[in-house]
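Structural description and commentary
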Amino acid sequence: MPGPLEYCIWLVCTLLEGAVVVCAVKSQSFRRYIFLNLYMGLSFLVSVSRYHVLNHYGMASNEYVYFYYYSDTLLTIGLYFALLNLYSLVFDEMQVEGYLRLGAVVLLGGTAWFSYAVVQQSSHRILTHFAYELSQNLYFVGLVLTYALWGAILKLRETRARLIQLVLALGVYFSAFAANYALQNLYFKAGVLRFVTPLLGCILPAAWAYCFLRVSEEDRLVPSRLAAVPR
Amino acid sequence: MSRKLSVILLAMLALVGAMSLKTVVVAHGNGSVIMANGGAPQPPVPWK
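Residues numbered from 1 in each chain as written. Chains lettered and ligands numbered in written order. Predicted model: local features only at pLDDT ≥ 70, side-chain atom pairs only at ≥ 80, totals over all residues.

**Considerations on the overall build of chain B**
From N to C terminus, chain B includes 1 helix and 0 strands. Buried residues in chain B amount to 25% of all 48 residues. (Helix = DSSP H or I, 4+ residues; strand = E, 2+ residues; numbered from the N terminus. Buried ≥ 20, exposed ≤ 12 C-beta atoms within 10 Å, placed from the backbone.)

**Side note on the overall build of chain A**
Check the secondary structure of chain A and you find 8 helices and 0 strands. In summary, chain A has a C-alpha radius of gyration of 19 Å against a globular reference of 17 Å for 231 residues, a match within 12%. Viewed in the frame of its principal axes, chain A has a C-alpha envelope of about 70 × 40 × 40 Å. Across the 231 residues of chain A, 37% fall into the buried class. A sequence separation of at least 24 residues applies to 71% of the contacts in chain A between residues at least 6 apart. (Rg over C-alpha atoms; globule rule 2.2 N^0.38 Å. Contact = placed C-beta atoms within 7 Å.)

**Quick notes on helix H1 (residues 4-26) of chain A**
Residue and element names in this part refer to chain A. A rise of 1.5 Å per residue sets the reference length of H1, with its 23 residues, at 33 Å; its end C-alpha atoms lie 32 Å apart and thus fit the reference within 8%. Of all the positions in H1, only Ile9, Trp10, Cys13, Thr14, Leu16, Glu17, Ala19, Val20, Val21, Cys23 and Ala24 are classed as buried. Contact partners of the buried residues in H1: helix H2 (34-57), helix H7 (193-200) and helix H8 (203-214). Phi for glutamine 28, located one or two positions after H1, is positive at around 55 degrees. (Expected span 1.5 Å × (residues − 1).)

**A few points about the packing of helix H6 (residues 161-186) of chain A against H8 of chain A**
All names here are of chain A. With their axes 9 Å apart at the nearest point, H6 and H8 run at an angle of 170 degrees to one another. Relative to H8, the element H6 lies roughly antiparallel. Across the interface between the two elements, Arg162, Gln165, Leu166, Ala169, Leu170, Val172, Tyr173 and Ala176 of H6 pack against Ile203, Leu204, Ala207, Trp208 and Cys211 of H8. Residues of the contact of H6 with H8, tallied by class, amount to 11 nonpolar, 1 polar and 1 charged. (Axes fitted to C-alpha atoms, helices over the stretch in contact; angles between N-to-C directions. Parallel < 35°, antiparallel > 145°, perpendicular 65-115°, else oblique. Nonpolar A, V, L, I, M, F, W, Y, C, P; charged D, E, K, R; others polar.)

**Things to note about the interface of chain A and chain B**
Opposite the 47 residues of chain A that make contact, chain B presents 31 residues. Contributing elements (two or more residues each) for the side of chain A that touches chain B: H1, H2, helix H3 (62-90), helix H4 (97-119), helix H5 (126-156) and H6 of chain A. Grouping the amino acids of the side of chain A that touches chain B by side-chain chemistry returns 28 nonpolar, 15 polar and 4 charged.

**What about the confidence of the model for chain B?**
In this model, chain B carries a mean pLDDT of 81, and residues with pLDDT of at least 70 account for 81%. Both confidence scores are given for the complex: pTM 0.89, ipTM 0.87. (pLDDT = per-residue confidence, 0-100.)

**Let's talk about the nonpolar core**
With 62 residues, the main nonpolar core has Val20, Leu83, Val141 and Trp208 of chain A as its most contacted residues. Secondary-structure elements contributing two or more residues to this core are H1, H2, H3, H5, H6 and H8 of chain A together with helix H1 (2-27) of chain B. Considering every element that reaches this core, the biggest residue donor is H3 of chain A, with 12 residues. Other than its neighbours up to four places away in sequence, valine 141 of chain A contacts Leu107 and Thr111 of chain A together with Ala14, Leu15 and Ala18 of chain B. (Core = buried A, V, L, I, M, F, W, Y, C linked by C-beta atoms within 7 Å.)

**Focus: the packing of H1 of chain A against H7 of chain A**
Residue and element names in this part refer to chain A. Close contact between H1 and H7 brings their axes to 9 Å; oriented N to C, the two are set at 10 degrees. Considering their axes alone, H1 and H7 lie roughly parallel with respect to each other. Taking contact as the criterion, the partners of Leu5, Glu6, Ile9, Trp10 and Cys13 in H1 are, on H7, Phe195, Pro198 and Leu199. Across the contact of H1 with H7, the residue classes break down as 7 nonpolar, no polar and 1 charged.

**A look at unusual backbone geometry**
All names here are of chain A. The phi dihedral of glutamine 28 is positive, around 55 degrees, even though this residue is not glycine. Looking at the element boundaries, glutamine 28 is found in the loop between H1 and H2. A residue is classified by how many C-beta atoms lie within 10 Å of it, and glutamine 28, with 10 of them, is exposed. The phi torsion at glutamine 95 lies on the positive side, around 55 degrees, for a residue other than glycine. Within the secondary structure layout, glutamine 95 lies in the loop between H3 and H4. Residue glutamine 95 is classed as exposed on the basis of its C-beta count, with 8 C-beta atoms lying within 10 Å.

**A look at the environment of cysteine 23 of chain A**
Relative to the helices and strands, cysteine 23 of chain A resides in helix H1. The class for cysteine 23 of chain A is buried, based on 22 C-beta atoms found within 10 Å.

**Comments concerning the environment of alanine 117 of chain A**
Residues and elements named next belong to chain A. Within the secondary structure, alanine 117 sits in helix H4. Assessed through the 10 C-beta atoms surrounding it within 10 Å, alanine 117 is described here as exposed. Spatially, the C-alpha atom of alanine 117 lies 34 Å from that of tyrosine 33, the residues being 84 residues apart in sequence.

**Digging into the environment of valine 21 of chain A**
Residues and elements named next belong to chain A. Within the fold, valine 21 resides in helix H1. Along the chain, valine 21 and tryptophan 208 lie 187 residues apart, while their C-alpha atoms are 9.4 Å from each other. Beyond its immediate stretch of four places on either side in the chain, valine 21 contacts Asn37, Met40 and Gly41.

Here is the structure:
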């Protein structure tokens with residue numbers, strides 16, 4: 001069973017997830033960032049449900065294990081759509097909504113097909129293994145898409161501060177988990193890393209809540225000055 | 001039509017990149033999993 005510190009981090013993370021939706025509603029941005037808010041709302045509900053299942057059945061129970069991995073798949077799909085929401089906002093002036101939708105469907109379908117191809121001959125619990133594999137694969141797809149979006153923002157010289165901060169927070173979140181995974185592989189016996197993973201889960205809701213609370217939709221970043229070349 | 005094919009190509013490239021990255025990471029890992037959703041304690045994987 002988790003200790004008091006782990007429960008405390010989990011509680012903070014859950015409250016921050018709820019705070020994102022509250023801050024978005026307060027700043028009248030709920031509909032504009034609808035998939036981000038749906039993802040955070042879903043995360044909040046899943047956290048509460050996981051706590052209920054954990055308390056009722058225990059950490060080692062099949063109920064908690066299966067609920068955890070199925071809900072994780074659901075959340076990863078939610079995160080994928082949140083990322084697509086950011087893509088559509090970055091490219092909204094180019095009128096490429098239809099192409100983005102097509103790309104998103106092809107990518108999601110391709111990931112699902114790849115996950116199924118991996119698990120179909122390797123496991124007797126095919127549905128659970130598929131859910132787990134899809135979640136892992138979508139995580140890596142999200143990672144690649146986030147870095148591609150960073151590149152697009154730089155290339156397009158995006159100036160909308162809120163949008164940039166939302167995307168940067170997502171990039172930092174993915175990068176932090178990747179770094180944590182690398183550290184776990186290097187020092188897998190280090191006990192402190194047990195607390196780092198749930199702590200990293202607080203990064204995204206904290207950054208998004210701050211962004212909705214403090215950064216207005218009209219805020220613009222000053223583009224970097226052009227170098228004055230004397231003639 | 002060519003634009004749609006370009007979008008499909010880009011999506012496939014992203015998929016290939018992501019799966020290659022995953023293969024490299026998993027091949028050098030110790031079997032632990034990446035879970036990036038929430039602060040709930042992670043249970044053991046049921047089929048290992």
